[in-house]
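Listed below, chain by chain, are the residues.
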Amino acid sequence: MRTPINEALLRHFTDLRDGDHGQAVTREDKERVFTRAVELLDPVARRALDEANADLLLGTGEVVASGVTRSREGGLNAMWSLTWPQQRDAGVQPIAVVAHFGCDFHHPHLRGNTVGDWPLNVFDESDAAGQLDTLRVIAAADAHNLVFQESYRLMPAITTQAHHTPG
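Residues numbered from 1 in each chain as written. Predicted model: local features only at pLDDT ≥ 70, side-chain atom pairs only at ≥ 80, totals over all residues. Heavy atoms only, no water.

**Q** Can you walk me through the packing of aromatic side chains in this structure?
**A** Describing an aromatic ring pair means giving the distance of the ring centres and the angle of the ring planes. Overall, the coordinates contain one aromatic pair when judged by the stated rule. When the centroid spacing of 6.2 Å and the interplanar angle of 35° are considered together, the rings of Phe34 and Phe101 count as tilted. Linking Phe34 in helix α2 (residues 27-56) with Phe101 in strand β4 (residues 95-101), this pair joins segments that are 67 residues apart in sequence. Comparing Phe34 with Phe101, the two get one shared label, buried. When the ring centre of Phe101 is taken as reference, the NZ or CZ atom of Arg27 above it lies at 3.7 Å. (Phe/Tyr/Trp six-rings, centres within 6.5 Å; stacked < 30°, edge-to-face > 60°. Helix = DSSP H or I, 4+ residues; strand = E, 2+ residues; numbered from the N terminus. Buried < 20%, exposed > 50% of the residue type's maximum accessible area, 1.4 Å probe, protein only. Lys NZ or Arg CZ within 6 Å of the ring centre and 35° of its normal.)

Structure (structure tokens):
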């Protein structure tokens with residue numbers, strides 16, 4: 001049985017081979033598919049970020065979603081951000097899951113604020129649910145990179161005495 005991550009890659013590669021995005025061929029149709037994919041991903045992205053909030057931030061964070069917006073260049077974007085007091089005080093980017101469909105892209109992708117692209121080929125609830133591990137990895141990689149850029153002090157799970165673990 002294929003993993004959801006490899007299944008997403010195969011859908012991506014098939015789109016590149018066939019010149020479409022699922023059943024969509026025109027930019028207008030692909031944008032409609034993107035908008036639906038963002039709707040389907042919303043609970044999955046929130047779950048991945050809520051888990052990071054519980055584990056790393058001890059519930060001190062807040063998940064904020066932008067909905068679909070159009071970029072200055074003409075592409076489409078959607079962002080789910082996890083912000084918390086230490087991050088805001090340090091002036092660093094939040095942990096994020098970003099769906100983006102650049103104006104010159106063949107099809108959309110996922111990324112974080114500090115993490116590169118992953119194919120976004122979500123056409124139904126099952127596809128969206130299958131992206132949970134990918135979204136968890138994007139959030140975890142963003143958290144790692146933000147600590148690398150700033151300090152471990154960004155993470156309440158490390159700085160709160162009651163939550164220190166031996167190691």
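**Q** Can you help me understand the environment of Ala157 in this one?
**A** If you trace the backbone, Ala157 turns up in helix α6 (residues 156-159). By relative accessible area, which is 15% here, Ala157 ends up buried.

**Q** What exactly am I supposed to notice about the environment of Asp104 here?
**A** Along the chain, the position of Asp104 falls in the loop between β4 and β5 (109-111). On the accessibility criterion, Asp104 (67% relative accessible area) is exposed. Taking the C-alpha atoms as reference points, Asp104 and Leu135, separated by 31 residues in sequence, lie 24 Å from one another.

**Q** Looking at this model, I keep getting lost on helix α1 (residues 4-18). Mind explaining?
**A** Residue pairs three or four apart in sequence face the same way in an α-helix, which turns once every 3.6 residues. Between its first and last C-alpha atoms α1 spans 21 Å; for 15 residues at 1.5 Å apiece the expected length is 21 Å, and the two agree. On the buried face of α1, the contacting elements are β5, β6 (118-119) and α4 (125-129). Of the residues flanking the end of α1, it is Gly19, one or two places downstream, whose phi is positive at about 75°. (Expected span 1.5 Å × (residues − 1). Contact = heavy atoms within 4.5 Å.)

**Q** Looking at this model, I keep getting lost on the nonpolar core. Mind explaining?
**A** Proteins that are soluble and globular tend to have nonpolar side chains buried together. In terms of nonpolar packing, the biggest core is built from 34 residues, with Trp80 and Leu135 touching the most fellow members. If you list the elements that add at least two residues to this core, you get α2, β3 (76-83), β4 and α5 (132-149). Element by element, the count of residues in this core is highest for α2, at ten residues. Excluding residues within four positions of it along the chain, Trp80 makes contact with Val38, Leu41, Asp42, Ala45, Arg46, Leu49, Val64, Ala65, Ile95, Ala96, Val97 and Ala99. (Core = buried A, V, L, I, M, F, W, Y, C linked by side-chain atoms within 4.5 Å.)

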